Protein chains: 2
Amino acid sequence: MTPKPIPRPTDTELEILNVLWLNGASTVKQVHEALSGGSQRGYTTVLKLMQIMSEKGLLERDERTRAHIYSAHCDEEHTQRQLMGDLLDRAFSGSASKLVMQALASREASDEELAEIRQLLNELEGESQ
Amino acid sequence: MTPKPIPRPTDTELEILNVLWLNGASTVKQVHEALSGGSQRGYTTVLKLMQIMSEKGLLERDERTRAHIYSAHCDEEHTQRQLMGDLLDRAFSGSASKLVMQALASREASDEELAEIRQLLNELEGESQ
DNA sequence: ACTTTTCTACGAAAATCTTCGTATCATTAC
DNA sequence: GTAATGATACGAAGATTTTCGTAGAAAAGT
């Protein structure tokens, strides 16, 4: 009855998802080439990873063409929220503010970014009533 | 020559670290009991995990007593920053603001938390000059 | 047609993580 | 001193992730 709980992607899987989010639906070959900066995984390694990711529900596969075309099943923001929420629970006891503190402390955000965040805070505070 | 790069803790290892941060230095027995809410791992499983974590440099071990006493090698905030930075790079292309957005969007922060974050923003903006 | 190229499928090995049973050693209780 | 208890050490199995070699099917080139 449970349809399928899509698992949290592993580090390697996330690399592949990043390519697909950036470049859109792609063949294994395209992903392998896009990845080839540094990673240096064999072609069939990437193929196998993407096949398994399909089985897990992380990717979707269009088999109508000879070179199958893969795309991410979840969009980037959804996955970001999933990973965030996970980390939040596992390492921050669910406290978003602690997490935000560490994020801002560990990386110097640009003034632009700070302004963006401030903007978001205003919106949130507005609607919290 | 490279002394030892402490690896990112796995999910299970993080559970153990959380206990040690919360309760302070502890024996395996204490950790096992603290964990026993729900996790239901055998005693020797926890023992083995903690032994391996020591080898990895995640824990420190005081063997002077019969029941060895373990403590986290890194403090909680350091580890939080490590995990944050990692996620930032792997899933957010290093953009702290995007991450903060998702954090605030995916969990409703209380007004108190929002105020805390606003406070931090003010401090950061002040010192950025 | 047939040879070469370009794919997928499959299986299996290596690496890591998680689990636990058994052995063993030290301490305490009798 | 011997037995019972409480701890660590060790080894090994299971699960998952990552890797890739080989085989075979489909397409393209000649």
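These remarks concern the structure in this document. (Residues numbered from 1 in each chain as written. Chains lettered and ligands numbered in written order. Predicted model: local features only at pLDDT ≥ 70, side-chain atom pairs only at ≥ 80, totals over all residues. Heavy atoms only, no water.)

1. Let's talk about the relation of the copies chain B and chain A
Next up, step 1: With an RMSD of 0.1 Å, the operation that places chain B on chain A is a rotation of 180 degrees combined with a shift of 0.0 Å along the axis. Read as a symmetry element, the transformation amounts to a two-fold axis. For chain B, the residue whose C-alpha comes nearest the rotation axis is Val100 of chain B, separated from it by 2.9 Å.
Next up, step 2: When the interface residues of chain B are mapped onto chain A, 100% of them again fall at the interface, so both copies present the same face. (Least-squares fit on C-alpha atoms with pLDDT ≥ 70 in both. Contact = heavy atoms within 4.5 Å.)

2. Some thoughts on the interface of chain B and chain A
Next up, step 1: Counting from both sides, the interface comprises 41 residues of chain B and, opposite them, 41 residues of chain A.
Next up, step 2: Summing both sides of the interface, chain B and chain A together bury roughly 4400 Å²; the carbon and sulfur share of this comes to 60%.
Next up, step 3: Of all residues in chain B, Arg107, Arg118 and Leu121 of chain B give up the largest surface area on contact with chain A, accounting jointly for 14% of the area buried on that side.
Next up, step 4: Between the two partners, chain B and chain A, sit 4 salt bridges.
Next up, step 5: Of the charged contacts, one joins Asp11 of chain A and Arg8 of chain B as a salt bridge, the two residues approaching to 2.2 Å between their closest N and O atoms.
Next up, step 6: The tally of links between chain B and chain A comes to 18 residue pairs in polar contact (both at pLDDT 80 or more).
Next up, step 7: Breaking the side of chain B that touches chain A down by element, the ones donating at least two residues are helix H1 (11-23), helix H4 (76-92), helix H5 (96-106) and helix H6 (111-127) of chain B.
Next up, step 8: No other element matches the 13 residues that H4 of chain B contributes to the side of chain B that touches chain A.
Next up, step 9: Looking at the side of chain B that touches chain A residue by residue, the class counts come to 18 nonpolar, 9 polar and 14 charged. (Buried area = accessible area lost by both parts, 1.4 Å probe. Salt bridge = Lys/Arg side-chain N within 4 Å of Asp/Glu carboxyl O. Polar contact = N/O pair within 3.5 Å; in protein donor to acceptor, adjacent residues only side chain to side chain. Helix = DSSP H or I, 4+ residues; strand = E, 2+ residues; numbered from the N terminus. Nonpolar A, V, L, I, M, F, W, Y, C, P; charged D, E, K, R; others polar.)

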